[in-house]
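Structure assessment
This is what each chain is made of:
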Amino acid sequence: MDKASIYSQEASLLACYPDPRGCYSRLQELAGMGVEQVCTRGHVALPGGVGALGKGHSSTVFAAVYRGVYTAVKSRRPQGRRFSLAGEARLLSIASRAGVAPRVYAWSHDFIVMEYLPGPSLADLLDNTRSLPGWAVRGLLEAAATLDLAGVLHHELHRPWWNIFYTPTPSPRAVVVDFDSASIGCGNLAKAASALVHLGLLSVEPGLRRVLAWYKKECSVEGVGIALSSIYDLLSLAV
């Protein structure tokens, strides 16, 4: 990855997008957190030939070097609709400790410095194969169930295409990203099942609806086993 100084023009654009003017104090904040350089390549093009990892209405995600390690940094837009990333960072940390989210290295109201995940994403797998291998389906469902047991409701797993990343082989596992709209709660497994229905991999059955409705209220270890077993029984591919 191409790198630039934390006090460079490229860093100002990434940390303060869309207006890099007056960004010095935010760059000082990043440097104080341990971020040494920014990486200027990413699949999301910003002005001036700089690339980010992601761009939303209220934040920008870019790659950076944190204490010698490649990381991803989520930056709150200075004039965005969100006033702080602290709540998201706390829920992300809970999910990370459960093993289904990127590791959190540091955070503030303006930034979250976290583990960099090169992918592939669920969207990448769908683009390349137009279907999903069994390990990817299992990873999605197990990550959703783990989040439920951790008490973190993601709210976007009914359309998880860019919210699920897989760690490298030989033992890939699903990791959930972007906890922007997350809250305390349960229901991720039902949302993941809905995504599989949308893909045509899971049939809609009254029995499954009843099981998932019960599971959202129960949300227990026993409930996880029953709900996952019901979903696997109805999957239209061998998992």
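Scroll up for the structure.
Our subject in this report is the structure included herewith. If you're wondering where the values come from, they're calculated on a predicted model, not measured in any experiment.

1. Examining the pattern of salt bridges
With the rule as written, the count across this model stands at 10 salt bridges. Put simply, Arg41 and Asp2 hold a salt bridge, and the shortest N to O gap is 2.9 Å. Here Arg41, found in the loop between strand 2 (35-39) and strand 3 (44-46), pairs with Asp2, found in the segment before strand 1 (3-5); they are 39 residues apart in sequence, far enough to count as distant. Judged by relative accessible area, which is 54%, Arg41 ranks as exposed. Measuring nitrogen to oxygen at the nearest pair gives 3.4 Å for the salt bridge that ties Asp110 to Arg26. Of the two residues, Asp110 is situated in the loop between strand 8 (104-107) and strand 9 (111-115) and Arg26 in helix 2 (residues 24-33); the sequence distance between them amounts to 84 residues. Looking at Arg26, the relative accessible area reads 8%, which means it is buried. Among the ionic contacts, a cluster of salt bridges with common partners joins Lys74, Arg81, Arg82, Glu88, Asp178 and Asp180.

2. Comments concerning the environment of Thr40
Mapped onto the elements of the fold, Thr40 is located in the loop between strand 2 and strand 3. Between the alpha carbons of Thr40 and Val50 there is a distance of 5.2 Å; along the sequence they are 10 residues apart. Filtering out sequence-adjacent residues up to four positions away, Thr40 remains in contact with Asp2, Ala4, Glu10, Gly49, Val50 and Gly51.

3. A closer look at the pairing of strand 7 (residues 69-76)
Of all 8 residues in strand 7, 6 are buried, a share of seventy percent or more. In terms of strand pairing, strand 6 (residues 59-66) meets strand 7 through 8 bridges, oriented antiparallel. Looking at the pairing, Val65 lines up with Tyr70 of strand 7.

4. Quick notes on the nonpolar core
Side chains of a nonpolar character, in soluble globular proteins, are inclined to be buried together. Judged by nonpolar contacts, the single largest core of 48 residues is most densely connected at Leu141, Phe179, Leu189 and Ile231. If one sorts the elements of this core by residue count, helix 5 (residues 134-150) sits on top with 8 residues. Not counting chain neighbours up to four residues away, the residues in contact with Phe179 comprise Glu88, Leu92, Ala95, Ala101, Leu147, Val152 and His154. One finds Ala11, Met33, Ala52 and Val73 within the second-largest nonpolar core, a separate group that totals 25 residues.

5. Quick notes on the state of the cysteines
The final tally for this structure, using the stated rule, is 2 disulfides. Note that Cys16 is cross-linked by a disulfide to Cys23, the S-S spacing being 1.9 Å. The sign of the 80 degrees torsion about the S-S bond sets the Cys16-Cys23 disulfide as right-handed. Considered together, Cys16 and Cys23 belong to a single accessibility category, that of buried residues. Disulfides within the protein chain link the bonded cysteines, taken in sequence order, as 1-2, 3-4. Cysteine Cys39 shares no disulfide, and the gap to the nearest cysteine sulfur, in Cys23, comes to 16 Å.

Procedures and definitions
- As a convention, each chain's residues are numbered from 1 in the sequence order in which they are written.
- Given that this is a predicted model, residues contribute local features only at a pLDDT of at least 70 and side-chain atom pairs are listed and counted only at 80 or more, while totals for whole chains, interfaces and linings are drawn from all residues.
- With hydrogens and water excluded, all non-hydrogen atoms of the structure serve as input to the side-chain values.
- Salt bridge, as used here, is a side-chain nitrogen of Lys or Arg placed within 4 Å of a carboxyl oxygen of Asp or Glu.
- Helical segments are the DSSP runs of H or I of at least four residues, strand segments are the runs of E of at least two, and each set is numbered from the N terminus.
- Partly exposed residues are those whose accessible area sits between 20% and 50% of the maximum for their type, while under 20% is buried and over 50% is exposed, using a 1.4 Å probe and protein chains only.
- Pairs of residues are marked as contacts when any of their non-hydrogen atoms sit within 4.5 Å.
- For two strands to be treated as a pair, DSSP must find at least two bridges joining them.
- Among buried residues, the Ala, Val, Leu, Ile, Met, Phe, Trp, Tyr and Cys ones that are joined through side-chain atoms within 4.5 Å form a nonpolar core.
- By definition, disulfides here are pairs of cysteine sulfur atoms that lie within 2.5 Å.

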